[in-house]
Structure formats: C-alpha cells, structure tokens
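In case you want the letters, here they are:
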Amino acid sequence: MLLRLLRGDFFGEGNLEPNLRNKQVQHPFRRYLLLGWVLSLLWPLPGWGAAPAGQWWDLTYFYRQKVTLTTGATPPVNRYNGYSVLQTLDTATLIAAGKMQSTCSDLRLLWWNGAAWVQLDRDVQGCNTAGTQVWFKLQTDISDSASDDNYYIYYGNASAPAGPVNKNNVYLYYDDFESYAIGAVPTGWTVLVGNVSVQTNAVTGSKSVRMDSATAGSRINLRRDITPTEADILVEADCMFDGSATANRYCGPGARWSGTGAADETGYMTDIRYNTNGSVTQRYVAGTWTGIGTFAEAVTPNTVYRVRLTLRGSALNMYRDGVLKLTNTDTSIAAANMLGIDAYNGSTGAYEFLDNFLARRYTNPEPTTTSAAEEAVTLNLVKQAWLVGGSAPLALTNGTPASATVPSGQTIVFLIYVKNSYSAGASDVRFSDLLDVTASGFSYVVNSLVRTSATSPPPYTASDLTIFNATAPGTGTALTDAVDGDVASICDTGAGSCPGPAPNRITVGNTSGIPLPSQANGTLSIAASSIFAIRFQAVKQ
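First, a word on scope: everything that follows refers to the structure included in this document.

Reading the values: the criteria
- Residues numbered from 1 in each chain as written.
- Predicted model: local features only at pLDDT ≥ 70, side-chain atom pairs only at ≥ 80, totals over all residues.
- Heavy atoms only, no water.
- Helix = DSSP H or I, 4+ residues; strand = E, 2+ residues; numbered from the N terminus.
- Buried < 20%, exposed > 50% of the residue type's maximum accessible area, 1.4 Å probe, protein only.
- Contact = heavy atoms within 4.5 Å.
- Core = buried A, V, L, I, M, F, W, Y, C linked by side-chain atoms within 4.5 Å.
- Pairing = 2+ DSSP bridges.
- Axes fitted to C-alpha atoms, helices over the stretch in contact; angles between N-to-C directions.
- Phe/Tyr/Trp six-rings, centres within 6.5 Å; stacked < 30°, edge-to-face > 60°.
- Disulfide = S-S within 2.5 Å.
- Salt bridge = Lys/Arg side-chain N within 4 Å of Asp/Glu carboxyl O.
- Polar contact = N/O pair within 3.5 Å; in protein donor to acceptor, adjacent residues only side chain to side chain.

**Some details on the overall build of the chain**
Next, step 1: Each helix and strand counted, the chain has 1 helix and 39 strands in total.
Next, step 2: Relative to its full complement of 541 residues, the chain shows a buried share of 52%.
Next, step 3: Sequence separation of at least 24 residues holds for 73% of the intrachain contacts in the chain that already meet a minimum separation of 6.

**A closer look at the nonpolar core**
Next, step 1: Judged by nonpolar contacts, the single largest core of 36 residues is most densely connected at Met211, Leu339, Leu354 and Phe357.
Next, step 2: Tallying contributions element by element places strand β17 (residues 233–241) first for this core, with 5 residues.
Next, step 3: Counting 31 residues, the second largest nonpolar core, distinct from the first, contains Tyr63, Leu120, Ile153 and Ala376.

**Overview of the sheet that holds strand β19 (residues 266–274)**
Next, step 1: With antiparallel pairing, the 7 strands of this open sheet are ordered in space as β13-β16-β25-β18-β19-β20-β21. Edge positions in the sheet fall to β13 (190–193) and β21 (288–296), since each has one partner strand and no second. Sheet twist, expressed as the average angle between the axes of neighbouring strands with direction ignored, equals 20°.
Next, step 2: As judged from the 6 bridges shared by strand β18 (residues 249–258) and β19, these two strands associate in the antiparallel manner. Following the sheet pairing, Arg249 is matched in β19 by Tyr274.

**Re the environment of Ser314**
Next, step 1: Relative to the helices and strands, Ser314 resides in the loop between β22 (305–312) and β23 (315–320).
Next, step 2: With relative accessibility at 31%, the residue Ser314 sits in the partly exposed group.
Next, step 3: Taking the C-alpha atoms as reference points, Ser314 and Asn328, separated by 14 residues in sequence, lie 8.3 Å from one another.
Next, step 4: Setting aside residues up to four positions removed in sequence, Ser314 forms contacts with Asn328, Thr329, Asp330 and Thr331.

**Some remarks on the pairing of β22**
Next, step 1: Of all 8 residues in β22, 6 are buried, a share of seventy percent or more.
Next, step 2: Relative to β22, β17 runs antiparallel, the two sharing 7 bridges. Residue pairing for β22: Ile233 is matched across the bridge by Leu311.
Next, step 3: Looking at chain direction, β22 and β23 are connected through 6 bridges and run antiparallel. Each residue of the ladder has a partner; that of Val307, found in β23, is Arg320.

**Structural notes on the sheet that holds strand β9 (residues 123–125)**
Next, step 1: In space, the 3 strands of this open sheet follow the order β6-β10-β9, with antiparallel pairing throughout. The outermost strands of the open sheet, each flanked by one partner alone, are β6 (84–89) and β9. Adjacent strand axes in the sheet meet at a mean angle of 20° when their direction is disregarded.

**A word on the packing of aromatic side chains**
Where two aromatic rings form a pair, the distance of their centres and the angle of their planes describe that pair.
Next, step 1: Counted according to the given criterion, the structure contains 22 aromatic pairs.
Next, step 2: Their ring planes at 80° and their centres at 5.2 Å tell us that Trp117 and Tyr152 sit as a pair that is edge-to-face. Taken together, the residues span a long stretch of sequence, with Trp117 in strand β8 (residues 117–120) and Tyr152 in strand β11 (residues 147–155) at a distance of 35 residues. Comparing Trp117 with Tyr152 shows no difference in burial state: the two are buried.
Next, step 3: With 5.8 Å between their ring centres and 85° between their planes, Trp117 and Tyr154 make a pair best called edge-to-face.

**Comments concerning the state of the cysteines**
Next, step 1: Applying the stated criterion to the full structure yields 1 disulfide.
Next, step 2: In this model Cys104 forms its disulfide with Cys127; the gap between the sulfur atoms is 2.1 Å. The disulfide joining Cys104 to Cys127 has a torsion of about 90° about its S-S bond and is therefore right-handed. Highlighted residues: Cys104 in the loop between α1 (91–96) and β7 (108–112) and Cys127 in the loop between β9 and β10 (132–137), separated in sequence by 23 residues.
Next, step 3: We classify Cys104 as buried; its relative accessible area is 2%.
Next, step 4: Overall, the relative accessible area of 25% leaves Cys127 in the partly exposed class.

**Remarks on the pattern of salt bridges**
Two side chains bearing opposite charge may form a pair once their charged atoms approach each other closely.
Next, step 1: Counting across every chain of the model gives 18 salt bridges.
Next, step 2: Measuring nitrogen to oxygen at the nearest pair gives 3.3 Å for the salt bridge that ties Arg306 to Glu236. Of this pair, Arg306 sits in strand β22 while Glu236 is found in strand β17, placing the two residues 70 residues apart along the sequence.
Next, step 3: One network of salt bridges, in which partners are shared, links Glu236, Asp238, Arg306 and Arg308.

**A word on the environment of Ile95**
Next, step 1: Turning to its location among the elements, Ile95 is positioned in helix α1.
Next, step 2: Residue classification places Ile95 among the buried positions, given a relative accessible area of 15%.
Next, step 3: Along the sequence, Ile95 and Cys127 sit 32 residues apart, while their C-alpha atoms lie 9.4 Å from each other.
Next, step 4: Not counting residues up to four positions away in its chain, the partners in contact with Ile95 are Met100, Gln101, Ser102, Cys104, Cys127 and Asn128.

**Side note on the side chain of Ser105**
Next, step 1: Mapped onto the elements of the fold, Ser105 is located in the loop between α1 and β7.
Next, step 2: You can call Ser105 buried: its relative accessible area is 16%.
Next, step 3: Among the polar contacts made by the side chain of Ser105, one reaches the side chain of Thr103 at a distance of 2.8 Å.
Next, step 4: Setting aside residues no more than four positions away along its own chain, Ser105 makes contact with Arg122, Ala160, Pro161, Ala162 and Gly163.

Printed below as a string of structure tokens:
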C-alpha cells in the first residue's frame, strides 16, 4: 500500500520563513507556509554580517538587509561618531511584493554593538519609490578608508506601528517649528535683530518661522547654539518670500556663527535673493558683511526653495533645490558653535518664511553605503519516518510530497523537529501533520505522541528513537496526549472520533479558527537556541 506524506506539514504564523535547501517558500505577512518533507539537517545557519549566526533582532520582522558603511580618506573634524548617513532602498518593489507596509511604518534601523541590538531613529523620505532615502546616525567612529557592517534594515511586520523618527537623533539638529505656539519665538533660538515669530505659512499649511524687519532695509537674524563646536557642517532650510513687496529680500541658513548681536556677529550664510534674482554666499566678521560668491537665477514669490550651505575646511558650497550653484573658498572663520538663520527686507510689510531647518556633520566625499542581499527568517526543519523495526529512514523526496510502501499491519514512526537557531524565542509556531486523505487504511496510534525540547539535535536513527518516550521537564510525567498544552491529541480513525472530511489526522494544539483539515497549534513557542520535537505512530490496517 502506498503511503503519501503531504499537506501543510509545518506552519509558521507571523514570524517564520522556511528554507527548503535552495528554495524559499514565501507568503509575506501571513505565514501559513507549506513545507515538503525534508530529509537533510539544515544547520547551523550561516553567519550574517557583523552579528553572530542566529542573532536576529525580532522574529516578527521577517526580512533584513545588512548595510555596510565605507569612509573616504578625509574625515570631518569631529569624525564619524554621530555622522548622518544615507541608505537608498527600493521600497516600491518590497511593497509590491507584500514584504513591507505601504507606509514603510515597519522599516526599522538596527545597530549591532557587539553584544546586543540597538534600535535607531530613522528618517524615511519617499516611501513606496525606487529611491527611498533612509537617513540614520552612526553610533561609533569608523577609521579613514574603512568599513563598518554593523547596521541592518529590518522590515516585514504587517502590524508594526510607525517606527522611531526623532530627527534630532538622526541629525545634529532639526527643527520643523511645529511644536511652537503661533506668535512665539521658537524655543532655543536667539533673535539678534528683526521681528521673528512662528506663523502658519498659507502656501504650505505648516508652521514656519516668519521674519520681517522693523524698518526698511534691515536684516533679521536668529542663532542657535550646538554642541560640540562644528567646523565641517552642512545646514539647509526651506525658504519662501511672500509677494507683498518687490524690494530686495534675502533668506537662507548659516553656520560657524558666533557673537552676541548685530555688531559683533561672525559666521557664514547662504541666501536666495528675491527681486535681484540670484543666490549668494557671504560672511559676517564682527558685524561687517562681505560677499564671497553670487549666482544669477530667477526667484519667484510664494515658491518654496531648499537652500543648502556646506562648509568643510575652507571650502564653501551653495545648493538650491539640490543643485550646486556656488563653489568658493574662504579662510576667515575656522569653527564656531552656533547655527544661524539670515534674512533681509528692503521694505517694511514684507516677510520671509523659513522652515525645516537641518544641520548635520559633513565631509567630502561623504561615506558610501551598500546593502547586502535580503535575508529572511528561517527555522531549520527535519522530518523523518521509519517502519517499526526498520534500520533506516524511509526514502523521502526533499521539498515535495513523498511516497513509501507500507505493508498491511505495519506501524510507521514519524519524527519531526525544528531547531530555532536564533537568539530570540520564536512564538506562535504551528504544526499540522496529516496523512493524505488518499492514503486509506491508516490510523494513528493513540498515546504514541511525545514531545521534547532541547538545545542539541535529537537522535535520528531508528535505534535511538526510544529516547522520545520522554517526560515533561522537571516533572517525571510521561509526555503522551495533551502534554504541556502544546501537543493536544492523536485522532484515531478506528475510534470513529475524528471530525471533518479527513479522518487521519494529528492535532497539535488549539485549532480554533483553523479550517479542517489544516489543524495547527496557536500557542507554541520555541525558546532561543532550542529544539522542539514530536514523535508519533500510525499503523496500516
């Protein structure tokens, strides 16, 4: 008589990704995963990146990509600990494949510190595009022209809430001004000259710093202290002019600032100019303004422009909307501990809006990032079968339904075990082993079901199988039916007590909500670095 071993042999719900040698069966987010019968033992798992083998941060996140950072030969003055880096990720493809939430809420950034995982804040820009930007801050220094592969992007959790996104933990400083009351001066900023308050920008609908001059032809300046003192730095902000006046007006960010007022302020700034139509890089030294470079280009009122200034050594670069406009050098100001906002109004009644101020450490060239191939959560599954009294496992076909001839009256022994090689426990694991309904004349042997957990592989030769007549840990109680709430029962065809259309069935745990004949366990957990194993028998009548 032909015995076929088939059907949903191993189910993982919510946290597992099985590996069939070189073939992975994937069904993102909903983990009813079919595994064929596996003959060979698949462990230990290979080592992955800087984290040791089996170190998976959270098994409810099914996928990850290791990110490697590589530095150049010229570091910033304050080096790379705290440097903001960018990894580009194709989230559109991941979302289309069902591996990531459409909002990227389940995208997580992890750092392996050599002993434990540390979750980092991340700034995700352009979700569901081929060029999604993922910004995060380095947690330790990297040598010049060297690499660090201790960073990982995790994803694949359908129920994950939005991830941590405190941008002041991603950059040296970030302010979108949304937390301040309308009419207030933003906290932490000192107004050197002019009228400054937080107002709603009618064009963007968001809160911004609104700046206007007390008298026509005067400047408006704010400054903010930062620690440590930064010389090599990038600052950028959104700038917009209202259309109420056509006199000359400036707006932009600055850095390397110092001083207590308009008379002694010192620092670099870059501005876009309305009416004179262009861009300018300039410096103030003890209150005296000097232009360094200019670039002529139209500026339109009620239009938001992203203005950026980079400072590294004596090199100054000005960008407008990501495009380099000015490259200059100047040695007047080496370093200082303040950031700045600069504006100018040629007439009263007009004002400028500045928003989304960002500062981060900077060098050129910046560190590069590369991501390794996607890894998926896997548990190692071994299944074998013996005829009672036999000396070797039955011939099984890896990854496909298997067949074997079983004489009448012969009992067959099934051994199934899963090794969790990870440093975290795997919860909500579900087993369901069925005899194919076409394999008639078989019934399970009542009270032949046993369970064990261990941290090393169980024996898997016929002569060693008696070890699985085990006892509950620490109790001495034999493990048979309904042990530990994990393994519930064997349904014996001969007893006529099997419900549903497929009578030859082993039920492992709670089957609530699981349609017959796919019975499964709803509560089983496999501890970190341990094995869960079951053994049962069926007889050919």
